[in-house]
Amino acid sequence: MSKPAPSPAPLSIELTSPQTVDGRRAAFQSLWLLVRMRHAHDTGGGMVRLADLRGEVSDASTLRMVVSRAFRDFKAWDIEVGWGEDTQREPRFLNAERRSQGPFWLPAAQAKRVRVLVDGRAATATEVASFLGLRARKAPAANAPPPDAVHLQDAAFWKQLVASQQAARQGRLMAPVAGVAGVVGSAGVAGSAGVSTSGSALESIRLAGTLAATDFQRALVTLNEAMLWRRLGDNEQARRRLQALKKQRLAHHVAGNDYLGAMECIVSAWCAYTARDLPLAQSLLAGMAEDAARGLVLRHHPDVRFEWCNLWALACRSRALGLAADDKPAAAALAEESLRRFGEALAAAFESHSFDAAQHVAANMGMAAWLFDRVGLSDLPTLAHDGNADTTRRAVQWIAFSEWLCGHTDGQGRSAWNAIYLMRIARGHCHGRADESAGHPTLAQFRAQKPLDPAAVSRLAGPLADAFDATHWPARWVDVAQARLADHQAGRRRYPGLQHCSLLFEHAWYAAHAGELKAAEASLGLLREALPQLVPSDRAYFTESWNDTLPAELVLEAKPPRRPAARKKAAPRAR
């Protein structure tokens, strides 16, 4: 009969200077962390987070080194220490690459081995607290609110958060709108009641950051900053803020951590989609859906579900358009999935009473239907459920619905995408060149084309035609584009790179069609300056369009960018 394995020897820690472990001098930071974990185990807290180390044994810049040194010492002292949120795991099976992120804890069997001494005798609770620097911390009263509870002084923070979100809805991402004040936001908070609506979204969220009093509020600010930078087209800055958010969530047990984690994943996927890395975008979204905690948020939080479904649908739409020429069955399956997910996103938007979200997905659905029709995917069951309906009419009506929602939401800015989509649909009505070797059309040939005019588009909108009021929708497309470009130039709106470039190209096309070559040439000059900020696939779309669709007289004056060396005809561009 085999003998039972001997119990691990106790580990004696002397707190008086010079601190020792089993009689040998020990690094203060490593010893402090071990005692802090033993204290957390004894008091029921269980875990020690990175935030507990900051200011006590390390600053933020040296935390990783402190943790690495501590674990080397723990190994030398023959004591097992765990990390991560799951305290039931065996430390030997944990991923060491994530160790520096914490939180840290002692398994029960290891905690029993640790003997904390002062001058050779057992240390009292007061002495341990004094050594750890906890003596000044008062125990919370029985009726004290939790750290992340809402306090009366928090109103100023929430006011600034609302102001930032309202400015973002109005398109004031970086520059303030001149003369806007007292506007009632969709959240029902009026400027006259104290919410400033004259600043930009970025200014307001930064001010909110100075007022944040809890870990959740600080993390919420970081999330909103990441979302704003993503909308501005600055993926690098957005990813920096996402990294900061991840550190905030890992260093603290933040209230709403599952929601923040889900939104962090969605914004990361948006960054991948904006960079046209569709596999990464969908991989991130799929991983989020499969994660137990984030999947639960996805099922039960309509705002998160809207974001997930809308972005998944956009990725499927792009993939369907890219495959349409070479693998129509696969493209049709992706197109069907795209339209189905757009429908789920629309349902989630109305479930959360968010007209802003609904207008985005309505426009995406309309443009998807038109694009699928353009690449020969018009026989989809989703598009044919009511017979052979005119796809262009249906597309226009969805985009008109989006515009109608913009006009009937207090404080909601008009969408540049709706104008861009409709101008593309209108000129898509023209027949392209059958023979590309024929070269550029002459100005006379170009002007002989008959794009749908705004009045014709309004007729296609049918019962939703009232979305196109004369104030925002002049009688000529060139004026529609010019009005939105003027808003951007004056700082009343701030359109990200792809929207701005799209408006410039549409203005150039319609100005040339109206015979206004100087105006068209000016827009193409601005477009040339703006193109480098776009990802290669988006630059390729404008290069192709510039080379293939504009009249010879204009191309002679405003020479297009060179085509890529390995030229492949681009699929119709989605957002």
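**Q** Looking at this structure, how should I read the packing of helix α16 (residues 391–407) against helix α17 (residues 416–428)?
**A** Axis angle and axis distance: for two packed helices, these are the angle between their axes and the distance between the axes, and together they describe the pair. Running from N to C, α16 and α17 point in directions that differ by 160 degrees, and their axes come no closer than 10 Å. Taken together, the axis directions place α16 and α17 in an arrangement best described as roughly antiparallel. Relative to α17, the crossing made by α16 is left-handed. In contact with Thr392, Ala395, Val396, Ile399, Ser402, Glu403 and Cys406 of α16, α17 contributes Asn418, Tyr421, Leu422 and Ile425. Looking at the contact of α16 with α17, its residues break down into seven nonpolar, three polar and one charged.

**Q** Explanation requested: helix α14 (residues 328–351) in the structure shown.
**A** Residues lying three or four places apart along an α-helix face the same way, a consequence of the helix completing one turn every 3.6 residues. Between its terminal C-alpha atoms α14 stretches 34 Å, which fits the 34 Å expected from 24 residues at 1.5 Å a residue. If you check which residues of α14 are buried, you get Ala331, Leu334, Ala335, Ser338, Leu339, Arg341, Phe342, Ala345, Leu346, Ala348 and Ala349. Where α14 is buried, its residues contact α13 (302–323), α15 (355–374) and α16. Downstream of α14 by a residue or two, His353 has a phi angle that is positive, lying close to 60 degrees.

**Q** Quick question: what am I supposed to make of the pattern of salt bridges here?
**A** Should the charged atoms of two oppositely charged side chains come close, the side chains can pair. Scanning all chains against the criterion turns up 15 salt bridges. Among the ionic pairs, Glu344 bridges to Arg340, the shortest N-O distance being 3.3 Å. Residue Glu344 and its partner Arg340 are both found in helix α14; the two are separated by four residues, about one turn of the helix. Judged by relative accessible area, Arg340 falls into the partly exposed class, the value being 43%. Two residues, Arg341 and Glu344, come together in a salt bridge whose shortest N-O distance is 2.9 Å.

**Q** Is there a simple way to explain the sheet that holds strand β2 (residues 20–21) in this structure?
**A** Note: strands within a sheet are paired through backbone hydrogen bonds, in either parallel or antiparallel orientation. Reading across the sheet, the five strands line up as β3-β2-β1-β6-β7 and stay open at both edges, with mixed pairing between neighbours. Edge positions in the sheet fall to β3 (24–25) and β7 (121–122), since each has one partner strand and no second. In this structure, strand β1 (residues 11–14) lies alongside strand β6 (residues 114–118), joined through four bridges in parallel fashion. Bridged to Glu14 within β6 is Leu117. In the packing of helix α1 (residues 28–43) onto the sheet, the strands contacted are β1, β2 and β6, and the crossing angle to β1 comes to about 110 degrees.

**Q** When you look at the packing of aromatic side chains in this model, what are you seeing that I'm missing?
**A** For any pair of aromatic rings, the description rests on two quantities: the centre-to-centre distance and the angle between the ring planes. Under the definition given, this model contains 20 aromatic pairs. A ring pair is formed by Phe468 and Trp473, whose centres lie 5.0 Å apart and whose planes are at 75 degrees; its orientation type is edge-to-face. Joined through ring pairs, the aromatic side chains of Phe446, Phe468, Trp473, Trp477, Trp509 and Tyr510 make up one cluster. Above the face of the Trp270 ring, Arg230 is positioned so that its terminal group lies 4.1 Å from the ring centre. Sitting over the ring of Tyr273, Arg276 keeps its end group 5.1 Å from the ring centre.

**Q** Can you help me understand the environment of Glu344 in this one?
**A** Judged by its relative accessible area of 29%, Glu344 falls in the partly exposed class. The spacing of Glu344 and Trp308 is 36 residues in sequence and 9.8 Å in space, taken between C-alpha atoms.

**Q** Looking at this structure, how should I read the side chain of Ser402?
**A** As for its placement among the helices and strands, Ser402 is situated in helix α16. The exposure class assigned to Ser402 is buried, which follows from its relative accessible area of 0%. Apart from the residues lying within four places of it in its own chain, the contact partners of Ser402 are Gln359, Ala362, Ala363 and Asn418.

**Q** What am I meant to see in the packing of helix α8 (residues 215–231) against helix α10 (residues 257–274) here?
**A** At a minimum axis separation of 10 Å, α8 and α10 run at an interaxial angle of 15 degrees. By the angle between their axes, α8 is roughly parallel relative to α10. In the packing of α8 onto α10, the handedness of the crossing is left-handed. Counted together, Phe216, Ala219, Leu220, Leu223, Ala226, Met227 and Arg230 of α8 and Tyr259, Leu260, Met263, Glu264, Val267, Trp270, Cys271 and Thr274 of α10 form the full contact between these two elements. A per-class count over the contact of α8 with α10 returns twelve nonpolar, one polar and two charged.

**Q** Looking at this structure, how should I read the pairing of β1?
**A** It is a general feature of regular strands that their side chains alternate between the two faces of the sheet. Where burial is concerned, the two faces of β1 agree: the one with Leu11 and Ile13 and the one with Ser12 and Glu14 are both buried. As defined by bridge partners, β1 adjoins β2 across two bridges and the pair is classed as antiparallel. From the neighbouring strand, Ile13 faces β2, where its bridge partner is Val21. Taking the residues between adjacent antiparallel strands as the criterion, β1 and β2 are bridged by five residues.

**Q** Looking at this structure, I do not really get unusual backbone geometry. What am I missing?
**A** For the bond from Ser17 to Pro18, the omega torsion is -5 degrees, close enough to zero to count as cis. Relative to the helices and strands, Pro18 resides in the loop between β1 and β2. Even without glycine at this site, Arg276 takes up a positive phi of about 65 degrees. Mapping Arg276 onto the fold places it in the loop between α10 and α11 (278–290).

**Q** Would you take a moment to explain the environment of Gln101 for this structure?
**A** Assignment of secondary structure puts Gln101 in the loop between β4 (82–83) and β5 (104–105). Residues Gln101 and Lys247, 146 residues apart in the sequence, show an inter-C-alpha distance of 7.8 Å. With residues near it in sequence (within four places) discarded, Gln101 still touches Leu50 and Leu250.

**Q** Sorry if this is basic, but what is going on with helix α5 (residues 125–132) here?
**A** The set of residues buried in α5 consists of Val128, Ala129, Phe131 and Leu132. Seen from one end, α5 has its buried residues packed into an arc of 160 degrees, which puts them on one side. On the buried face of α5, the contacting elements are α1 and β6. Directly after α5, the chain includes Gly133, whose backbone phi takes a positive value near 80 degrees.

Criteria and cut-off values
Residues numbered from 1 in each chain as written. Predicted model: local features only at pLDDT ≥ 70, side-chain atom pairs only at ≥ 80, totals over all residues. Heavy atoms only, no water. Axes fitted to C-alpha atoms, helices over the stretch in contact; angles between N-to-C directions. Helix = DSSP H or I, 4+ residues; strand = E, 2+ residues; numbered from the N terminus. Parallel < 35°, antiparallel > 145°, perpendicular 65-115°, else oblique. Left-handed = near helix turned anticlockwise from the far one by under 90°. Contact = heavy atoms within 4.5 Å. Nonpolar A, V, L, I, M, F, W, Y, C, P; charged D, E, K, R; others polar. Expected span 1.5 Å × (residues − 1). Buried < 20%, exposed > 50% of the residue type's maximum accessible area, 1.4 Å probe, protein only. Salt bridge = Lys/Arg side-chain N within 4 Å of Asp/Glu carboxyl O. Pairing = 2+ DSSP bridges. Phe/Tyr/Trp six-rings, centres within 6.5 Å; stacked < 30°, edge-to-face > 60°. Lys NZ or Arg CZ within 6 Å of the ring centre and 35° of its normal. Arc of directions from axis to C-beta.

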